[in-house]
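# Observations on the three-dimensional arrangement
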Amino acid sequence: MFPEPTKENHTMLCIGASGDWTRQLHEMIKVPSYKSLYVLGPYLSEFSDKAVTTSNAIAVASGIGITPTLSLMLNYAGKKRINIIWMCRDAGLVEYILHKVDIEAITKNSYAFIYYTGKRELALPKNLPLNLFIINSRPDLEESITGIVTSIHSGE
């Protein structure tokens, strides 16, 4: 994602069709697209207060993109509610994060959804937080994000 050099307040988004999910996304977008898109980011650093300007946020990451997202969540843990939706097909990466990162601490008042799309069964740690959900499929992002917003709004 980068600023559109000839139009003020416009950004260009480049999607690399590297897998079947991104390829489908790329094929669904009619170029050029004039649909409104609101993006928070990119984050200059995990310490930048510009990263999150509200008390509630939803971070969406895929694959190794979890790394800067976790930095953001660790920085704002206890200060803001940052819900996470992470899509990953790498079992080793999911297992590493779940074993090494204190997910419960950084999602104390929020939700964490991991959409695992790999083939191998995950070796999960014991006693995962109740607000962590691992789903073995691709997400319906509209449904997932709407569900998070509805749950926060209703207080459930």
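Relevant structure appears above.
My aim in this report is to walk through the structure given alongside it, one point at a time. Please read these numbers as outputs of a predicted model, since none were measured by experiment.

Under the defined criterion, the tally for this structure stands at one cavity of 30 Å³ or more. Space inside the largest cavity adds up to approximately 80 Å³. Around the largest cavity sit 13 residues that line it, and Ile66, Leu70, Ile84, Ile103 and Ala112 are the ones nearest its centre. Listing elements by their share of the lining of the largest cavity, those giving two or more residues are helix H2 (66–76), strand S4 (81–88), helix H3 (91–100), helix H4 (103–106) and strand S5 (112–116). Here the lining of the largest cavity gets three residues from one element, more than from any other, and that element is H2. Of the residues contributing to the lining of the largest cavity, the split by class is twelve nonpolar, one polar and no charged.

Right, let's get into the sheet that holds S4. Read from one edge to the other, the open sheet built from four strands follows the order S3-S4-S5-S6, with strand pairing classed as parallel. Because the sheet does not close on itself, it has two edges, and the strands there are strand S3 (56–62) and strand S6 (132–135). Sheet twist, expressed as the mean angle between neighbouring strand axes with direction ignored, is 10 degrees. By the bridge criterion, five bridges tie S4 to S5 in an arrangement that is parallel.

Conventions used here
Residues numbered from 1 in each chain as written. Predicted model: local features only at pLDDT ≥ 70, side-chain atom pairs only at ≥ 80, totals over all residues. Heavy atoms only, no water. 1 Å grid on protein atoms, 1.4 Å probe; cavity = no way out; pocket = protein on both sides within 12 Å on 5 of 7 lines; lining within 4 Å. Points joined across faces, edges and corners; volume = space filled by probe spheres on them. Helix = DSSP H or I, 4+ residues; strand = E, 2+ residues; numbered from the N terminus. Nonpolar A, V, L, I, M, F, W, Y, C, P; charged D, E, K, R; others polar. Pairing = 2+ DSSP bridges. Axes fitted to C-alpha atoms, helices over the stretch in contact; angles between N-to-C directions.

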